[in-house]
Each structure stands twice: as C-alpha cells, then as structure tokens.
Amino acid sequence: MDARLVWGFVAAVLVAYVVPGPDWFVVLRQASRSRAAGLCAAAGVQCGLIVHMAAAAVGVSAILSTSAAAFTAVKLAGAAYLVVLGARALRDGYRGWRCWNVARLSSMSPPSSVTRVTVYAQAFTANVLNPKAALFFVAVLPQFLAPAKPVTPQILLLGVLDVAIGCVWWLLLVVTATRFRSVLRRRQAQVAVDTLAGVALTGLGGALAFTDRARV
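Residues numbered from 1 in each chain as written. Predicted model: local features only at pLDDT ≥ 70, side-chain atom pairs only at ≥ 80, totals over all residues. Heavy atoms only, no water.

The name given to the protein chain in an unreviewed UniProt entry is LysE family translocator, with the source organism recorded as Nocardia niwae. Regarding the protein chain, the relevant UniProt record gives this comment under Subcellular location (unreviewed entry): "Cell membrane". (UniProt positions renumbered as here; feature names shortened; annotations may be inferred.)

This is the structure in structure tokens:
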C-alpha cells in the first residue's frame, strides 16, 4: 500500500482513540478499579473492533450505511446499552457517596463486585453495538484504500493496524490509571470517576439515539 495512505489512516485512528467516547469511559472506569479490570475492558473493546473489521471485510457493515432500518435498530440497541452502563455507574457512584458519608475508611472496594468475564462482556457488547464503530470501516477506512488493489486485503491490513494501535493506546491508559491507583481508589475519587463515567455514558447513549447516518 501507499505509505502516505497508511500514515494518513494512522493519524485518523489516533484522533479517534484520543477523543473520548463510549469505549474511553468504559475502560477508564474499570482501570480506576484495578489493572486487571482495565485490561479486561480494553480486551473487550478491541475484540469488538475485530468483529467490525471482519464484518467490513465481508461487506456486512455496508448494510448499516445503506439500510435505514438496520442502522436504526443497531443505533437504538447500542444507545440503550450505553444508558444501562451509565445508570450502573451512577448507581455505584451514589452507593460510594452514601458509604463515604457514614464510613471512616479512606479507600474503598468497588461498590458492586463484577468478574473479569463480566467486565470483558460489557466492554465487548458496548463496542459491537456502537454503529459508529462499524461505520468507521465503511465511511472512513475506504478513503485510505488504493483503488487499483484488492479491497479485502487492504481492509484487513488497515483493520489489524487499527487494532494494534488501540492495544497500545489502551495499555498506556490503563498503566497511567494504575500509577494513580492510590488516588483513584480513594472513596472520593472513585465516586467522582463513577459519576463522571455515568454521566458521560448516559449522555453518549442519548446522543447516539439521535444520531443521523449523515452525521456519522
């Protein structure tokens, strides 16, 4: 492939990862609890991205850009799931705030105990049900394809590059959060993280529900 196309795609991917979105808040919230939880959430997000890449390679994702009904169904399902995750985060934030006012402890365990499998599943589902993630491979990725070469191998190559960049990004985010874990695990900080994640995920879910295909 043309090196200029590859570097252009890398720049677009970096912007997509750096700008906070649903995946960002899902991973950050879990990373504030433990490195293992953060890595599980990151793995779920990236596996969801692999699903979108595979779908784009076989042409399934293109349906979302041409079928209003399919786009609306996936959009509403994804929005509802983000709102559910946001509501859970707000619930945990409220429970932490309530405990903070009656306890003398300066650190806390997560208000609700979840397994690593649950963390992975939540992150995976949130990514898979995000139509913007699927449409990235339909609307953005094709701009970096060489028309004279086979399309499917290029999609897979750029998709793998996207996943690899994401793995590095999430690892840096999780490691950074872990370095500040002593601060993030304090009751006040955990309440703040849960509340921020809850508001952000609920807001992003609401925004996604009103997303028009023309704006993606």
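We are not done yet, so read on.
Quick look at the confidence of the model for the protein chain now. The share of residues in the protein chain with pLDDT of 70 or more is 68%, and the mean pLDDT across the chain is 75. Low pLDDT, under 50, characterises residues 103-111; the predicted model gives this stretch 19 contacts beyond four residues in sequence or across chains. (pLDDT = per-residue confidence, 0-100. Contact = heavy atoms within 4.5 Å.)

A complete count under the given rule lists 4 aromatic pairs for this structure. Judged by centre distance (5.9 Å) and plane angle (85°), the ring pair of Tyr 17 and Trp 170 falls under edge-to-face. Of this pair, Tyr 17 sits in helix H1 (residues 3-18) while Trp 170 sits in helix H8 (residues 151-179), placing them 153 residues apart in sequence. Here the two residues Tyr 17 and Trp 170 agree in accessibility, since each one is buried. (Phe/Tyr/Trp six-rings, centres within 6.5 Å; stacked < 30°, edge-to-face > 60°. Helix = DSSP H or I, 4+ residues; strand = E, 2+ residues; numbered from the N terminus. Buried < 20%, exposed > 50% of the residue type's maximum accessible area, 1.4 Å probe, protein only.)

Let us look at the nonpolar core. One finds Phe 9, Val 27, Phe 137, Leu 141 and Trp 170 to be the most contacted residues of the largest nonpolar core, which totals 33 residues. Discounting chain neighbours no more than four positions away, the residues touching Phe 137 are Leu 49, His 52, Met 53, Ala 56, Pro 142, Gly 159 and Asp 162. (Core = buried A, V, L, I, M, F, W, Y, C linked by side-chain atoms within 4.5 Å.)

Another aspect to go through is the packing of H1 against H8. Between H1 and H8, the least distance of the axes is 10 Å, while the angle of their chain directions is 40°. One way to sum up the angle between H1 and H8 is to call them oblique. Between H1 and H8 the crossing geometry is right-handed. Residues Val 6, Phe 9, Val 10, Val 13, Leu 14, Tyr 17 and Val 18 of H1 touch H8, and the partners they reach there are Leu 158, Leu 161, Asp 162, Val 163, Ile 165, Gly 166, Trp 169 and Trp 170. Class assignment for the residues of the contact of H1 with H8 results in 13 nonpolar, 1 polar and 1 charged. (Axes fitted to C-alpha atoms, helices over the stretch in contact; angles between N-to-C directions. Parallel < 35°, antiparallel > 145°, perpendicular 65-115°, else oblique. Left-handed = near helix turned anticlockwise from the far one by under 90°. Nonpolar A, V, L, I, M, F, W, Y, C, P; charged D, E, K, R; others polar.)

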